[in-house]
Amino acid sequence: MGEKMRLDRLVASQLYGVSRADVKKLCLKKKISVNGRLIARSDIKVDTDDEIYADGKRIVYKKYIYIMLNKPQGFVCSTKDGQSRTVLELVPPELMRSGLFPAGRLDKDTEGFVLLTDDGELSHSMLSPKSHVPKTYFVRLEKPWQEGYKRIMAEGMTISGDNGKEKCLPAEFTGSAEDPCECTLVLHEGKFHQVKRMFGELGNKVIFLRRTAIGDLPLDEDLAPGECLEIMHKDVESLLTRKSF
Ligand code: URA
């Protein structure tokens, strides 16, 4: 047994751009069925586990949606922006929902894993400063990385910015064995432009940045930039693995 809910509310919550008034009209046109029976009134209570069809489409109720997006460069992580295209413009209609937003930000020129959801509670616990969900970045630098980076970053760097000096949590640096300008960095927090500022502090410059994992969940390798993949709640839980300091 699921949850009891009004039919119009349930259907409208699952279909982007469909209002409760639209659901009422669909009922009057005999286009909504529940467990095989046509339903004339949209204000009846149904169970979220009922077999519901609206205009020929099966509605499988999901309280929240979780989407892995491989963000391409040139898009901003916000729901509205006057100038730039937003990550929401990349969501295909079948995954779109009102209330969807990016849980966390990447810079406009950063690529990679962005979680989109309408689950405010999960997003809040993931982004709160107390939750140290690790985020993994693939980095290409202007100049070769140096042996000292590992220790300096593991000790917790101090970086400067508009707000003066900021102390970072310990981060895990791994230089690539194949390419002297490539490396991986795992952060346990998300300060503004943090990866770029950390390498900037060491006299280097980030020329390409991609987030490759959030928590234990890696960005799907088959997901091309600009593509979305719906992920299941059990996978999202693993995003929330914490590390204490
Ligand atoms: N650090 C940055 O500098 N930019 C990002 O987009 C993410 C982390």
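Here's what I pulled together on the structure shown here. (Residues numbered from 1 in each chain as written. Predicted model: local features only at pLDDT ≥ 70, side-chain atom pairs only at ≥ 80, totals over all residues. Heavy atoms only, no water.)

## Digging into the overall build of the protein
Here is step 1 of the chain: Counting its regular elements, the protein contains six helices and 19 strands.
Here is step 2 of the chain: By principal-axis analysis of the C-alpha atoms, the protein measures approximately 70 × 35 × 35 Å.
Here is step 3 of the chain: For the protein, the proportion of its 245 residues judged to be buried stands at 47%.
Here is step 4 of the chain: Excluding contacts between residues fewer than 6 apart, the proportion of contacts in the protein whose partners are at least 24 apart in sequence is 65%.
Here is step 5 of the chain: Carbon and sulfur atoms make up 50% of the accessible area of the protein, which totals about 13,400 Å².
Here is step 6 of the chain: Both charge centroids of the protein, one from 39 positive and one from 37 negative side chains, sit 7 Å from each other. (Helix = DSSP H or I, 4+ residues; strand = E, 2+ residues; numbered from the N terminus. Buried < 20%, exposed > 50% of the residue type's maximum accessible area, 1.4 Å probe, protein only. Contact = heavy atoms within 4.5 Å. Areas by Shrake-Rupley, 256 points an atom, 1.4 Å probe, with all protein chains shown as cover. Lys, Arg positive; Asp, Glu negative; His and termini not counted. Charge placed at Lys NZ, Arg CZ, Asp CG, Glu CD.)

## Considerations on the side chain of Gln194
Here is step 1 of the chain: Along the chain, Gln194 turns up in helix H5 (residues 194–201).
Here is step 2 of the chain: Apart from the residues lying within four places of it in its own chain, the contact partners of Gln194 are Ile159, Cys168, Leu187 and Glu189.

## Side note on the packing of aromatic side chains
Here is step 1 of the chain: Applying the stated criterion to the full structure yields five aromatic pairs.
Here is step 2 of the chain: With a centroid separation of 6.1 Å and 65 degrees between ring planes, the pair formed by Phe138 and Phe208 is classed as edge-to-face. Note that Phe138 is positioned in strand S12 (residues 135–141) and Phe208 in strand S17 (residues 206–214), a separation of 70 residues in sequence.
Here is step 3 of the chain: Feature note: the residues Trp145, Tyr149, Phe173 and Phe199 constitute an aromatic cluster, connected by ring pairs. (Phe/Tyr/Trp six-rings, centres within 6.5 Å; stacked < 30°, edge-to-face > 60°.)

## Considerations on the site of the ligand
Here is step 1 of the chain: In the vicinity of the ligand, the residues found are Leu106, Asp107, Thr110, Tyr137, His193, Gln194, Val195, Lys196 and Leu209.
Here is step 2 of the chain: Between the ligand and Val195 there is a distance of 3.1 Å, counted from a nitrogen atom to a backbone nitrogen or oxygen.
Here is step 3 of the chain: In the environment of the ligand, an oxygen atom lies 3.1 Å from a nitrogen or oxygen atom belonging to the backbone of Lys196.
Here is step 4 of the chain: The protein chains hide 95% of the 240 Å² of surface that the ligand would expose on its own.
Here is step 5 of the chain: Counting atoms within 2 Å of the grid points, the majority share of the ligand lands in the largest pocket.
Here is step 6 of the chain: When residues in the shell around the ligand are grouped by element, the largest group, three residues, is from H5.
Here is step 7 of the chain: Here the shell around the ligand is built from residues that sort into four nonpolar, three polar and two charged. (Near = heavy atom within 4 Å. Polar contact = N/O pair within 3.5 Å; in protein donor to acceptor, adjacent residues only side chain to side chain. 1 Å grid on protein atoms, 1.4 Å probe; cavity = no way out; pocket = protein on both sides within 12 Å on 5 of 7 lines; lining within 4 Å. Sits in = over half its atoms within 2 Å of the grid points. Nonpolar A, V, L, I, M, F, W, Y, C, P; charged D, E, K, R; others polar.)

## Notes on helix H1 (residues 7–14)
Here is step 1 of the chain: Among the eight residues in H1, six count as buried, and that is most of the element.
Here is step 2 of the chain: For H1, every residue scored as buried is listed here: Leu7, Asp8, Leu10, Val11, Ala12 and Gln14.
Here is step 3 of the chain: Contact partners of the buried residues in H1: strand S1 (4–6), helix H2 (20–28), strand S2 (32–34), strand S4 (45–47), strand S5 (52–54) and strand S6 (57–59).

## Things to note about the sheet that holds S6
Remark on secondary structure: sheet strands pair via backbone hydrogen bonds, oriented parallel or antiparallel.
Here is step 1 of the chain: Reading across the sheet, the four strands line up as S3-S2-S5-S6 and stay open at both edges, with antiparallel pairing between neighbours. Of all strands in the sheet, those bounded by a partner on one side alone are strand S3 (37–38) and S6.
Here is step 2 of the chain: Relative to S5, S2 runs antiparallel, the two being bridged by three bridges. Residue pairing for S5: Ile32 is matched across the bridge by Ala54. (Pairing = 2+ DSSP bridges.)

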